[in-house]
Structures are given as structure tokens and as C-alpha cells.
Amino acid sequence: MKRTAGNMKRTLMASEHRWIYIGSIVLLVVFAVIGIIQYTTLRETAKANDKADQLSKQLADAGYPVPDHDLIVRTLGDDGASLCRDPGNALVKAQAKAALVNGASGPGTRPVIADSEAISAASLAVSVYCPDKLGEFEKAYGGLKYDDTVKK
Amino acid sequence: MASMDVPAGGRDAAKAASPATSAARVPGKQYMSWLTLAFMTTSSVASLRAAPSMAVYGLAAVFLYVVPAIVFLIPTALVSAELASGWNGGVYRWVSEGLSKPMGFLAVWCQFAMTIFYYPSLLAYVASTFAYIIDPRLASDGLYVAIVIVVLFWTGVWVSSRGTKAVAGLASGGLIIGTLIPGAVLVILGFVFLGQGNPSAAPMDASHILPQWTGLASLVLIVNNFLSYSGMEMNAVHVSSLRNPDKEFPKSMFTAMGLVLLIFILPALAVSWVVPAHDLSLTAGVIQAFDAFFSYFNVGWLTPVFGVMLVAAALGGMLTWLAGPSKGLLLISRQEGYLPPFLQQLNRFGVQQNILVAQGLITTVIALLYAFIPNVSSAYWIFSVITTQIYLIVYLLMFAAAIRLRKTQPDHPRGYRAPALHVLCVVGLLSSLAALVIGFVPSSQFGGGSVLAYVGIVTSGLLLLGLLVPYLFYTLRKPSWRQHVDENPAEAGVDA
């Protein structure tokens, strides 16, 4: 078969695209492996267990469903994880505000009036894990407008 | 998926007489399958990112997706299926033919402009998901966030500049790896959870089918959910990459419609079965919510894998948005000289590289402001209000154009005729108008600020970016900027 300029270009393009696909897959796999290693190196501590017990009690007292103990340990660790990590930080606030949105996941994403309990459980967690940051947390999120949009 | 893209200069002139009819295969012209286009459309619109936030509403999430689907998704999908089966080029062409060329430019400008503010917020989400995988402390580090946004965006520009084929392959792959597979895993695990005899965390009885009604806040939630389906028409700009566009585009659109509904509804329900709403509030993030989900099954190690998959889906979706509106903007600009010649230049793959680069420079500046200026990042959410308002202009124009085209060009060949088109268009117009009006109601993020100030900010943004900028391009245009291009453009195609 005669090899035309078009065929050669097509072959080059196919080869380049193949490398883009392979490179993407390799990167995804590498990050997944890093993530799994990071995930499994997190350890349960006595402090994490103690904090989880405290939060469970506070949630129960407030009338909220109490999550699984291990889940609290896993999610909040012994320091409150993302909840306590600089709650007044502009980027953290931006991400939190970006979560109070409609059901879109593309460019149709738009803020809504969130449920009044959107931050109540989180506020309890902050009071347990990092009470010194409760003021900062409430300053960042307490001033937002809420309403009862979730049927209880 | 083993062939090349061709420059726009190699467009299929044979389609000029009847653009939507099946054209004979022209040497060098490459095609994509209808399924690839369906995947690209799905990737543009839906992902699992919304599942945790909608799971909070429990069974009412079904209502919150189905009602908007009836009044917005179905009109958008059916009307754009008819238009794309009759005219190549996407929304600019439909509006140009139905209303006027300046209106066509306005439509595609609005579709393009609103993405500029979308990318930084999307990539900030990607950055925070990556941070969860590598080191969660990075999420609050401006330098890290800026680097992730800039590097990923420019990588996206580079991939897009290699042609539609690269975009089609990665977007389809991103959808499968990052949405369909993990979505199926979520739903299967959800059923396993119920099958083990566990009660659903969210009540699933008849009294929870409808969402809580609290007046304006509920109306805002329901109407804003119309926008969940925005973007369904965007990939119509690639319609001439199909071998048989008049038949295949409607098929592609209906497949995408079904996939979008499944992706939105089933995973959100599955999460609501397993993770109580208050726990979702505790988790403070999309990936953290999935961590809670997997922890119930003692497969928490899946969370970082899931995080990487979500990132793949987000980036695949971003690529479709990079490739779509900018191509529509190029096509009408070449015909009418709306953009300076520099921005109309194509690279060797026939891609509007200079438009992408210009967009990239603006996005880089916005990303740096987002990452380093606290006042910008804290107030960034308002850009999503403004940009969705701008996007609604596209739908108003599209539905109006569809009504007029049925009247002015009733005999123009259409591979698909939407049933009750006028009813669909009126419903779509009213839905779009309702969403536009609701966009002026202050959201949670605005707190107790002045309503007038909010309306003023949103109106100013809408007028400035959505009307003034395209008006300036229009008034400053020069006849010499026009390129000699086919009036019925068929784009460079791909094979997939």
C-alpha cells in the first residue's frame, strides 16, 4: 500500500495520542498508589478514639444520628482533620462555600440557600476537636444564610 | 480511535447543500462514533461530584432531579437534537439562522465566556481532592492550589490543541473511569447495604418523596437544579464529526440524557442510604463523604482510588468545555470577522489554538487571584451565579431560534423532528427565565447582606461580561477580518 503524507501524519497523530492516553493512565495509577499508601499510614490513636467518643456523645445529646465510631476516627482523626485545619483560611472557606450548591456538577453549579443544619454537626465537631477555633469557625460560617430545606 | 484530526481547511464542502444529510466520506476527514459524542456530552454535564450534596435530601433528590429533567433537560435535549440534525456548527449556527448573526455571536460568546470562571473553581476542587490524596494540609496552601490550577489548565490547553480526537478519547475515558465505574460501585454497595438488612439512613417512605417546602429557599433549590443539565447542547458543535449526523446526533443525545439522569440520581440515593445527612455535614468535602461511605464497608482504602477517579472525570469534563465553545466562537468569527485575525488562527491540527491560549492567560490571572487574594477566593462563589446567568442567555436564544426556524425554514431537512416543538420551546424558555429570575435571590453565601447590593453585583456582571464585551467585539469588527469559509461549516472530525 502506498504510504501517503496523509497516512504518515495519521500514524504520527495516532502515536502521539496513544502516548497521551498511556501517560494519563500511568499518572492516575501512580497517584492512586500514593493515595493508598498515605491512607494506610494513618493510624488510630488513643486520642482519636477518645475524641470520637466525645463527639458521639455530643451528637447523641443534640438528637443527631451518631456515626460509626471508626468512621469518626477515620474522618476526623485526633485533630479534627479538615474541619480544624485553619477554618478561617480563605481557600478553605471558598471550598466550603462552593459545597453549598445545587445538584449540578458542571458549569451549571450555582449556590443555593442551604439547610440550617448544614454546619450544626460540623460545629459540634469543632467544639470537640479544636475548641480554640470555634470562634473562627462560627465567624466563617455562622454568618451565612440558612433555611429548613431538608425534610427531617 | 486510530486516526488523525484534520485542519478546518479540509472541511467537507459537499455538505454545503444539505449540511445535515449523510455526506460521502471525504479523504482525510475523520469521524467519531455517536457513542463517543454521547460520552463527551455526558462528561460535560454529569459527574459524581454532586452526589454527596444531593444525598442530604434523601429520597427527595429524585424529585429534585426529575422535575428539572422534565422542564429543562428534555426540552434542551430534544430541541438541540432537532437543530443539530438540521444545521452543523452548534448553537451559534442555530441562533444565526433562526434570529440573526449578531445574536448567534452573542449565544456562542455567552457559552464561551461563562467557562472562564468555571475552570478555576473546577480545578480548585481537583486541587483539594489531590490534597486529600497526598497531604490534606495542602488544601489551604495558596501556592499549591495555584500551581495545580495553572499546570492542569495549561495541560488541558495543550491536549485540546492536539485536536478533537485527543479530547474525545480522554473525555470518554474520564467518564468511564471516573464516573461510570465508580458510580456503579456506589450503587452496588448501596444495594448490598440494604440487602444486608440495614435500614436506609435517609427515610425512603412516601412522605419523603417531595422536598421540604419552606417557600423561597425551596423554590431556589428546585429552580436552580434546572441548571444541573446545562451543557447538553454544547457538544453539538462537533456534530459534523458524525458519519450520519441527522440520525446519529439524536441517538447520541438520548443516550447522554439517560446516562446523565442515572449518574445524578442513583449514586446520590446510594450515598443517602448509607451515610446519614449529618455525617455528610461532618465530612466537609466530596471526597471525605465518599470516605464515610467506604468506611461502612471497611474498604476505606478505596477512597484515594476513588479520589483519583473523580479527578479523571473532572479533567475529562474540562477538556470538553475547552474544545467546544471555543470552536463555535472560532467558526462564527471566521465567517463574520467578529474576532481579530490573530485569534482566528489555527494550528497545524486545525484547532483554534490562539483562542485557547488567550483564554488560558485570562484563566491564569483569575486562578492566581483566587489562590492568593483572600477576598477573591472568599467571594468567588458569586462568579458561579453570574456565569450561570450568562449561560441562561444561550438557552433563551436557542429556544427562540428553534421556534423561528420551524416557521421560517419548515422544509429544511432535519434528521429528527422534536415532537411538539413549540410546547418544548415554551417550557424551555419559561424554565430558563425562571432560573434567570431566581439567580437574583441571594444564596447562603451572601449571608445577611443587602439584597439590592446582591442584585446590583449580579446584574453588573451579567451586563459587563454577557453583553458589553460581545457588543464591543461586534462594533469593533472589521470586514477584512472575515475568512473565506464555507457558510455551512463542517468541522474537522475525528475517529473514535
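Everything numeric in this text was worked out from a predicted model, so none of it was measured.

## A look at the overall build of chain A
And then number 1: Each helix and strand in chain A was counted, giving 7 helices and 2 strands.
And then number 2: Counting every position in chain A, which comprises 152 residues, the buried fraction comes to 45%.
And then number 3: Within chain A, contacts between residues separated by at least 24 positions form 66% of all contacts whose residues are at least 6 apart in sequence.

## Describing the overall build of chain B
And then number 1: Scanning chain B for helices and strands turns up 18 helices and 0 strands.
And then number 2: Burial analysis of chain B (496 residues in total) assigns 64% to the buried set.

## Focus: the environment of B:V437
And then number 1: For B:V437, the location among the structural elements is in helix α17 (residues 421-438).
And then number 2: With 346 residues separating them in the primary sequence, B:V437 and B:V91 have C-alpha atoms 23 Å apart.

## Comments concerning the packing of helix α5 (residues 101-134) of chain B against helix α16 (residues 381-408) of chain B
Residues and elements named next belong to chain B.
And then number 1: Contact geometry for α5 and α16: axes closest at 8 Å, N-to-C directions at 155°. On the basis of the axis angle, α5 is roughly antiparallel to α16. In this structure, α5 crosses over α16, and the sense of that crossing is left-handed. Every residue of α16 that contacts α5 at M103, L106, A107, C110, Q111, A113, M114, F117, Y118 and S121 is listed here: F383, S384, T387, I390, Y391, I393, V394, L397 and M398.

## Observations regarding helix α11 (residues 286-296) of chain B
All names here are of chain B.
And then number 1: Most of α11 is tucked away: 11 of the 11 residues are buried.
And then number 2: Taken together, the buried positions of α11 are occupied by V286, I287, Q288, A289, F290, D291, A292, F293, F294, S295 and Y296.
And then number 3: Looking at the residues trailing α11, positive phi occurs at N298, about 55°.

## Things to note about the interface of chain A and chain B
And then number 1: Counting residues at the interface gives 74 residues for chain A, matched by 96 residues for chain B.
And then number 2: Of all the elements in the fold, those that place two or more residues in the side of chain A that touches chain B are α1 (5-41), α3 (69-76), α4 (81-84), α5 (90-98), β1 (114-115), α6 (120-129) and β2 (146-147) of chain A.
And then number 3: Top contributing element to the side of chain A that touches chain B by residue count: α1(A), with 19 residues.
And then number 4: Tallied by class, the residues present in the side of chain A that touches chain B amount to 39 nonpolar, 18 polar and 17 charged.

## Considerations on the nonpolar core
And then number 1: Core analysis: the largest hydrophobic core is formed by 211 residues, its most contacted members being B:A61, B:V126, B:I149 and B:M398.
And then number 2: Once residues lying within four places of it in the same chain are set aside, the contact partners of B:I149 are B:P120, B:L123, B:A124, B:A127, B:A367 and B:A371.

## Description of the confidence of the model for chain A
And then number 1: Across chain A, pLDDT averages 81, with 87% of residues at or above 70.
And then number 2: The element-level mean pLDDT for chain A is lowest in α3(A), coming to 76, with helix α2 (residues 46-61) of chain A highest at 87.

## Looking at helix α9 (residues 245-274) of chain B
And then number 1: The terminal C-alpha atoms of α9(B), which comprises 30 residues, lie 43 Å apart, in line with the 44 Å expected from a rise of 1.5 Å per residue.
And then number 2: In terms of residue burial, α9(B) counts as a mostly covered element, since 22 of its 30 residues are buried.

## Things to note about the confidence of the model for chain B
Residues and elements named next belong to chain B.
And then number 1: Confidence in the prediction for chain B averages 86 pLDDT; 90% of positions are at 70 or higher.
And then number 2: Per-residue pLDDT, averaged within each element of chain B, yields its smallest value for helix α10 (residues 277-283) (66) and its largest for α17 (96).
And then number 3: Every residue in residues 1-27 is under pLDDT 50, and counting partners more than four places away or in other chains gives 82 contacts.
And then number 4: Counted against residues more than four places away or in other chains, residues 487-496, with its pLDDT under 50, gives 59 contacts.
And then number 5: Overall fold confidence (pTM) sits at 0.87, and the ipTM for the predicted complex is 0.84.

## Here's the deal with the environment of B:Q344
All names here are of chain B.
And then number 1: Topologically, Q344 is positioned in helix α13 (residues 341-344).
And then number 2: With 232 residues separating them in the primary sequence, Q344 and F112 have C-alpha atoms 15 Å apart.
And then number 3: Aside from chain neighbours lying at most four places away, what touches Q344 is L330, S333, R334, L339 and Q483.

## Overview of the packing of α11(B) against helix α12 (residues 302-336) of chain B
Between two packed helices, both the angle of their axes relative to each other and the distance between the axes serve to describe the pair.
All names here are of chain B.
And then number 1: Where α11 contacts α12, the axes come no closer than 9 Å and their chain directions differ by 140°. Accordingly, the angle class assigned to the pair α11 and α12 is oblique. Two packed elements cross with a definite hand, and for α11 against α12 that hand is right-handed. Every residue of α12 that contacts α11 at I287, F290, D291 and F294 is listed here: L302, T303, F306, G307 and L310.
And then number 2: Looking at the contact of α11 with α12, its residues break down into 6 nonpolar, 2 polar and 1 charged.

## With respect to the environment of B:R243
And then number 1: Looking at where B:R243 falls in the secondary structure, it is placed in the loop between α8 (216-224) and α9.
And then number 2: Overall, the presence of 17 C-beta atoms within 10 Å leaves B:R243 in the partly exposed class.

## Describing unusual backbone geometry
The phi torsion of most residues other than glycine is negative, and most of the peptide bonds are trans.
Residue and element names in this part refer to chain B.
And then number 1: In this structure, N298 takes a positive phi of about 55° despite not being glycine.
And then number 2: Positive phi outside glycine occurs at A420, with the angle close to 50°.
And then number 3: As for its placement among the helices and strands, A420 is situated in the loop between α16 and α17.

The rules behind these values
Residues numbered from 1 in each chain as written. Chains lettered and ligands numbered in written order. Predicted model: local features only at pLDDT ≥ 70, side-chain atom pairs only at ≥ 80, totals over all residues. Helix = DSSP H or I, 4+ residues; strand = E, 2+ residues; numbered from the N terminus. Buried ≥ 20, exposed ≤ 12 C-beta atoms within 10 Å, placed from the backbone. Contact = placed C-beta atoms within 7 Å. Axes fitted to C-alpha atoms, helices over the stretch in contact; angles between N-to-C directions. Parallel < 35°, antiparallel > 145°, perpendicular 65-115°, else oblique. Left-handed = near helix turned anticlockwise from the far one by under 90°. Nonpolar A, V, L, I, M, F, W, Y, C, P; charged D, E, K, R; others polar. Core = buried A, V, L, I, M, F, W, Y, C linked by C-beta atoms within 7 Å. pLDDT = per-residue confidence, 0-100. Expected span 1.5 Å × (residues − 1).

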